[in-house]
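# Coordinates in review
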Amino acid sequence: MGRHPLAAKDAIELLHRFPRQTRKGEAAAIETELMRDYRFGQQQLIEIWGQACALAITKAFPLRSLAKKQPTVLVICGPDQNGSIGLVCARHLRMYEYEPTIYHPQRSSQSLHQDFTVQCEKMDIPSLSYLPTEVSYASAMNTRPVVRAQRQVQLINDAYNLVIDAMMGPDADCANLREPYPGILVTLKQIKIPIASVDVPSGWDVEEPSQDGINPEVLISLTAPKKCAISFSGKHFLAGRFLPYDIQKKYDLNLPEYPGTDCLIEL
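My aim in this report is to walk through the structure given alongside it, one point at a time. Not measured: the values here are computed from a predicted model.

### Thoughts on the overall build of the chain
Summing up its helical and strand segments, the chain has nine helices and eight strands in all. With 267 residues in all, the chain has 51% of them scored as buried. Within the structure as shown, the chain displays about 13,100 Å² of accessible surface, and the carbon and sulfur contribution to it stands at 49%.

### Topic: the packing of aromatic side chains
With the rule as written, the count across this model stands at two aromatic pairs. The interplanar angle of 70 degrees and the centroid separation of 6.3 Å between the aromatic rings of Trp49 and Phe242 together place this pair among those described as edge-to-face. Taken together, the positions of Trp49 in helix 3 (residues 42-60) and Phe242 in the loop between strand 7 (235-239) and helix 9 (245-250) put the pair 193 residues apart, joining distant regions of the chain. Under the relative-accessibility criterion, Trp49 is labelled buried at 4%. The class for Phe242 is buried, based on a relative accessible area of 19%. Aromatic rings pair up to connect Phe40, Trp49 and Phe242 into one cluster.

### Looking at empty space enclosed by the protein
Scanning the entire structure with this criterion turns up one cavity of 30 Å³ or more. Of the voids in this model, the largest cavity is the one considered here, and its volume is about 30 Å³. Taken together, Ile102, His104, Arg107, Thr117, Cys120, Glu121, Ile125 and Ser127 make up the full set of residues lining the largest cavity. Its residues assigned to classes, the lining of the largest cavity shows three nonpolar, three polar and two charged.

About the criteria used
- Residues numbered from 1 in each chain as written.
- Predicted model: local features only at pLDDT ≥ 70, side-chain atom pairs only at ≥ 80, totals over all residues.
- Heavy atoms only, no water.
- Helix = DSSP H or I, 4+ residues; strand = E, 2+ residues; numbered from the N terminus.
- Buried < 20%, exposed > 50% of the residue type's maximum accessible area, 1.4 Å probe, protein only.
- Areas by Shrake-Rupley, 256 points an atom, 1.4 Å probe, with all protein chains shown as cover.
- Phe/Tyr/Trp six-rings, centres within 6.5 Å; stacked < 30°, edge-to-face > 60°.
- 1 Å grid on protein atoms, 1.4 Å probe; cavity = no way out; pocket = protein on both sides within 12 Å on 5 of 7 lines; lining within 4 Å.
- Points joined across faces, edges and corners; volume = space filled by probe spheres on them.
- Nonpolar A, V, L, I, M, F, W, Y, C, P; charged D, E, K, R; others polar.

Structure representation (structure tokens):
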């Protein structure tokens, strides 16, 4: 079900049809300018991006298209900004009549992240502190890692229609990941249900095409596609309509025209 990176020749041909991909430093600089010069708040940006992600999910996976009777979605939220965006996405999906469950590999100490978590809790969105393996967490931890991973894969496939990957994002140091993240990536590489990644698929280097990462079916780029997105051949959405024209021009982003009043576009 996953999508594989494009061949080099195909990637070069697509380069001319895409908005310009931003490097890690450029993406950070754009966000800094939005908050410093244009007075966007971090909470405001996260809300914009999170709602756009939820809308992208409704377009890529409409309720009527889901394979299971219950419209269940597993949203994996890391402790940093991408995780906060995942929390907002989950909240909006709940309003759109999906049934999200949030998985927190690690809890965040950031007050903003905690605020978004409370909002989800107040909307009765269930959360997990570990991936489902057994009824008993203690018994699960006493099983061999390979067996535990196999059970996780099967239970995720059986319980959910898709996984939203909001675990890492563009600032992650993929060369120095610590548990539980390497184990989660192993599990995500094996699941059969679709994955939708927020901004940068977890495990991918933001600057380089992925050869050994997860293979999401959907990528939702935020503000502008990142450089690694040129290798992505799945369904690709861009959420960046709010970006001021002066910033678009300064960074030569070549953003597309958004249809109607939509806040996102499929590339």
